Amino acid sequence: MATKAVRPKKRKIAVRGPGKTPIKLIVNGETHELLVEPRRTLLDALRKDLGLTGTKRACDEGTCGACTVLLDGKPIYACMALALECEGRSIETVEGLARNGKLHPIQAAFIEEDALQCGFCTPGQIMSVKALLDENPNPTLEDVKRAVSGNLCRCGAYPKIFKAALRAAELLRSGS
Amino acid sequence: MPKVIKTRTEFEGHVFEEYVVVEGEGLSAWDAQTPLRYIGRQIPRTDGPERVTGKAVYTFDVQLPGMLYGKILRSPHPHARIKSINTQRAERLPGVRAVLSFKNAPKLSFRQGQTFLFDEIVRYVGDEVACVIADEEEIAEDALELIEVEYERLPFVLDPEEALRPEAPNVQPSGNLLNGKPDIYERGDLDRGFSQADLIVERTFRTQCALHNCLETHGSVALWEGDALTVWDSTQHIFGVRAGLAQLLGLPLHKVRVIKRYMGGGFGSKNGLGKYTVIAALGAKATGRPVKIMLDRHEENLAAGNRPSTIQHLKVGARRDGTLTALELKAIVNAGAFCTWPPSVGGPARQLYLCPNVKTEQYTVFTNTGPLSAFRAPGYVEGTFALESLMDELAHELKIDPLELRLKNYAEIDQTTGRPYSTKGLREAYERGAKLFGWKALTSNPSPVAHLRERGGAVGERATKLRGVGMASQIWSGNGMPPAYAIVKINPDGTATVVTGTQDIGTGTKTVLAQIAAEELGFPIEKISVEIGDTQLGLYAPLSAGSMTVASVGPAVRLAAHEARQQLLDVAAQVLEVPRESLAICDGLLSSPALKEAVAIKDVLEKLENFMIIGRGAREPNPEDVAVNTFGAQFAEVTVDTETGEVKVERIVAVHDSGRVINPLTLSSQIEGGIIQGLGYALFEQRVVDRNTGVVVNDNLENYKLPTALDIPEIVFEMVDRPDHRANNLGAKGVGEPPIIPTAAAIANAVANALGIRIYELPLTREKILKALKRV
Ligand code: FES
Ligand code: FES
């Protein structure tokens, strides 16, 4: 029972379209110029226009969390944001976590604890955990549960997702 | 020379005989003395890095140059004839490349003739009517709204009991009962059995329709290159999809390739060829461009299968001491509009307990609702809920401890065949589970409910929380079966590649196969890669269902690795000029007392230029004289809030026996996952169909309630972990389905224990709890 719908705050945006319009997206620190229809969601822009298919779509209506990315550091459902709304803001996706071929501690912890089965919800879970740990390096089990309560996992990897998040917090605190 | 023999196999409660070709020598399962480096070890998933970085390419992620998107128009009516369909306006929309419907698509028979790819009769809300192929998904969606369809509405029936009445409208031309008759099993003499009983308990149980909701929806990408078709499909059976496509499209097998690299869950719903796959192939043919069709969440919940609802009339007779004398089940299953593989709801009644007189009768009924499909232990989850609930009632009536009653009726042999079980660790599972759970202490008080009642406040105040405990047991196949083939190639650099045509549906198959090969070869696991999920690899493996992947494919991989190792030893002995028997392989190094120091395999093979070792393996037949099954027991503790009706599962203790454990880490994920799905099924999952329109009102994740992070109880589990030497050369059996089987039953028993009242219908919603407590 998803409880925590994370939707971006509505901002005033200039009227664009109809038809494709140019926008600039800053994804994982890189700026991309693309041409999208105003109705294109951030999720589809990432996946289809930028080829960043790590972020998944399982509902397209803000009910599953598979599409979770960070917008200015806060977790959002990328299917619930228009690409236009995210122009000029910092977008972080699962592809941006590993650096120089080295996994981020959250990713390493997910593997070690086996916090995934089919792996389809995993990028979203990882981004929700990332948002939590960025804000709270020392979370309790309850904090973790709440942080991922908007991310469904049909395979039922939850117990191990909790463990992985706590282990990742430990790894990050110890600076590894 | 290859030998053709007949073997008996069991798949999801259905037993059948088939021919298999066996070649080569068998291997026996490792004994307790063999030191094992990889088998039984916690090895993290070898494909973990791809999955956590977003690099793993699921079918949903496949994007080909020039790729178009298909969107399917679905019937808004539960039963109708399409009088006319006008696609002109849709076709004229810029960006639309093709519109397919029964008017221009070939009339292809589907589901054994129960429907056509595009049928002129639609039989449920969500049935396929037409498909738009367009440059973008959004355009295809726009175009769907421009298709004009005139329907002649037909009378419909949604309820399976109503559908059985003579005056009910026919969903299928041949009538509403699958095969025109019930599926009946009988042993002993039922009347005599009931006449010998001191007590007869009879109840009617109902279970709901549950939706799989795999996070990756069903879908395919189709690409034609000349007259050859390649399809990426989110499927549990690449070879089945290949065979189905070839047959429907009139293609030879070598012109069809099916690929499934990663998939976002299946749970049984992706066992066969879907209409969307064929439509994608036709659309790609018509447009000359690759076509992708992924169902959206709503379509997924209408048209991609479900665990069907059941009505089960169950009657049990027992002597005063608890000995069962007779068991009778009459089950009605709501198949939906089509069904070719009915679940076996009577399986648990036939197999779980020792009982000489048993009859099960199953009516699988067509209705104008979305069609069923296999769903993790189909039939057994439903059947176990009823049987294990009734066993608890019987125990209550007879004033016997529920666990004791089960032990009293313990079956040492498979009563459907008369064969002894190869191994059966259920007694141990009961004992270990009871101990872990503290069953005795929690149930010792003569009135467990009062004993466990938690006071809501000061003494004398009305309690608002009731606590209860319950348990249930599980039987399932999980034996695996031939045919399954593998090869193991040893490359000149001392690495090895396992090749087989199975698929990893999220269970960790790749990792487990790498462990098996590494163990048998004596190579470090990092030197093993596993190639699966592509029919072009050429090595058949069965569908990944029925908890049978490891037990079917694993033994073939071990045999292939064994043969590769033999070849390696032959070659190495000659190159190194040492006696073959003196050579050993460990950690990728060749050693022999005749050698000064160990030699890397690479150093031997590289002397032979590009020589390559290829070992072949085929799954052996199943044993003829024993029954190979999996078992388990689960214990649940719940609290029920008497004010809100909310059930909270506090704790689940599970002990299962699936033979040898190959990877405790990935196995534990499957156990937890099964229990969590079972919890959702017990408490809140339920498809709701509007009685007046046949519309599914909760075909989304907002209103169809899946378990979330906040619903997860404490889960404690252990495996009996004893190799089954008769099962196959690994001693391992399946574990994918067993853990979901007893969970709902155990929770329901715990809730009945808490309330002192039993609810005979799943899910145990707040409304039902409050009703039972007479609070609404
Ligand atoms: S795809 Fe965005 S919440 Fe489900
Ligand atoms: S791992 Fe499959 S949905 Fe979470």
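Not measured: the values here are computed from a predicted model.

## Things to note about the overall build of chain A
Line of reasoning, step 1. Helices and strands together make up the secondary structure of chain A, namely five helices and five strands.
Line of reasoning, step 2. For chain A, the sequential pattern of α-helices and β-strands runs β-β-α-β-β-β-α-α-α-α.
Line of reasoning, step 3. A compact globule built from 176 residues would reach a C-alpha radius of gyration of about 16 Å, and chain A, at 16 Å, matches this within 12%.
Line of reasoning, step 4. Principal-axis analysis of the C-alpha atoms gives chain A an extent of 50 × 35 × 25 Å.
Line of reasoning, step 5. Within chain A, the proportion of its 176 residues that are buried is 59%.
Line of reasoning, step 6. Summarising the internal contacts of chain A: among those between residues at least 6 apart in sequence, 58% fall at separations of at least 24.
Line of reasoning, step 7. On chain A, roughly 7,100 Å² of surface is accessible, and the fraction owed to carbon and sulfur atoms is 51%.
Line of reasoning, step 8. Treating the 27 positive side-chain charges of chain A as one cloud and the 20 negative ones as another, the clouds have centres 3 Å apart.

## Overview of the interface of chain A and chain B
Line of reasoning, step 1. Listed by partner, the interface residues are 49 residues for chain A and 58 residues for chain B.
Line of reasoning, step 2. Carbon and sulfur atoms supply 56% of the area that chain A and chain B bury against each other, a total of about 4,500 Å² over both sides.
Line of reasoning, step 3. Counting across the chain A and chain B interface gives 10 salt bridges.
Line of reasoning, step 4. The closest approach of N and O atoms between Asp142(B) and Arg39(A), which form a salt bridge, is 2.9 Å.
Line of reasoning, step 5. In this structure, the connection of chain A to chain B is made through 26 residue pairs in polar contact (both at pLDDT 80 or more).
Line of reasoning, step 6. Mapped by element, the contributors of at least two residues to the side of chain A that touches chain B are helix 1 (42-49), helix 2 (105-112), helix 3 (122-135), helix 4 (141-147) and helix 5 (158-173) of chain A.
Line of reasoning, step 7. Partitioned by chemical class, the residues of the side of chain A that touches chain B number 21 nonpolar, 11 polar and 17 charged.

## Structural notes on the domain arrangement of chain A
All names here are of chain A.
Line of reasoning, step 1. Each assigned domain of chain A is listed here: domain 1 (21-96) and domain 2 (105-174).
Line of reasoning, step 2. Here the C-alpha centre of domain 2 lies 21 Å away from the C-alpha centre of domain 1.
Line of reasoning, step 3. Taken together, the contact between domain 1 and domain 2 spans 18 residues of the former and 13 residues of the latter.
Line of reasoning, step 4. Of the roughly 1,100 Å² buried at the junction of domain 1 and domain 2 (both faces included), carbon and sulfur atoms supply 61%.
Line of reasoning, step 5. Of all residues in domain 1, Lys-56, Thr-68 and Val-94 bury the most surface against domain 2, accounting for 36% of the area lost on that side.
Line of reasoning, step 6. Where domain 1 packs against domain 2, one counts two salt bridges.
Line of reasoning, step 7. Counting the contacts that link domain 1 with domain 2 gives five residue pairs in polar contact (both at pLDDT 80 or more).

## Overview of a nonpolar patch on the surface
Residues and elements named next belong to chain B.
Line of reasoning, step 1. A contiguous nonpolar surface patch, about 320 Å² in accessible area, is contributed by Val-4, Tyr-19 and Val-21.
Line of reasoning, step 2. Note that Val-4 resides in strand 1 (residues 3-11).
Line of reasoning, step 3. Assessed through its relative accessible area of 57%, Val-4 is described here as exposed.

## Some words on the sheet that holds strand 22 (residues 465-476) of chain B
Residues and elements named next belong to chain B.
Line of reasoning, step 1. The four strands are arranged 22-30-31-32 in an open sheet whose pairing can be described as mixed. Bordering the open sheet on either side are strand 22 and strand 32 (714-719), each of which pairs with just one other strand. Each strand axis lies, on average, 10° off the axis of its neighbour in the sheet, ignoring direction.
Line of reasoning, step 2. For strand 22 and strand 30 (residues 630-641), the ladder comprises 12 bridges, and the chain directions are antiparallel. Residue Gly-470 lies in a different strand from strand 30, and its bridge partner there is Ala-636.
Line of reasoning, step 3. Most of the contacts of helix 19 (residues 743-755) go to strand 22, to which it runs at about 150°, and overall it touches strand 22, strand 30 and strand 31 (647-657).

Calculation criteria
- Residues numbered from 1 in each chain as written.
- Chains lettered and ligands numbered in written order.
- Predicted model: local features only at pLDDT ≥ 70, side-chain atom pairs only at ≥ 80, totals over all residues.
- Heavy atoms only, no water.
- Helix = DSSP H or I, 4+ residues; strand = E, 2+ residues; numbered from the N terminus.
- Rg over C-alpha atoms; globule rule 2.2 N^0.38 Å.
- Buried < 20%, exposed > 50% of the residue type's maximum accessible area, 1.4 Å probe, protein only.
- Contact = heavy atoms within 4.5 Å.
- Areas by Shrake-Rupley, 256 points an atom, 1.4 Å probe, with all protein chains shown as cover.
- Lys, Arg positive; Asp, Glu negative; His and termini not counted.
- Charge placed at Lys NZ, Arg CZ, Asp CG, Glu CD.
- Buried area = accessible area lost by both parts, 1.4 Å probe.
- Salt bridge = Lys/Arg side-chain N within 4 Å of Asp/Glu carboxyl O.
- Polar contact = N/O pair within 3.5 Å; in protein donor to acceptor, adjacent residues only side chain to side chain.
- Nonpolar A, V, L, I, M, F, W, Y, C, P; charged D, E, K, R; others polar.
- Domains from an automatic or database assignment.
- Patch = residues over 30% accessible without salt bridge, like charges linked within 9 Å, V, L, I, M, F, W, Y side chains within 5 Å.
- Pairing = 2+ DSSP bridges.
- Axes fitted to C-alpha atoms, helices over the stretch in contact; angles between N-to-C directions.

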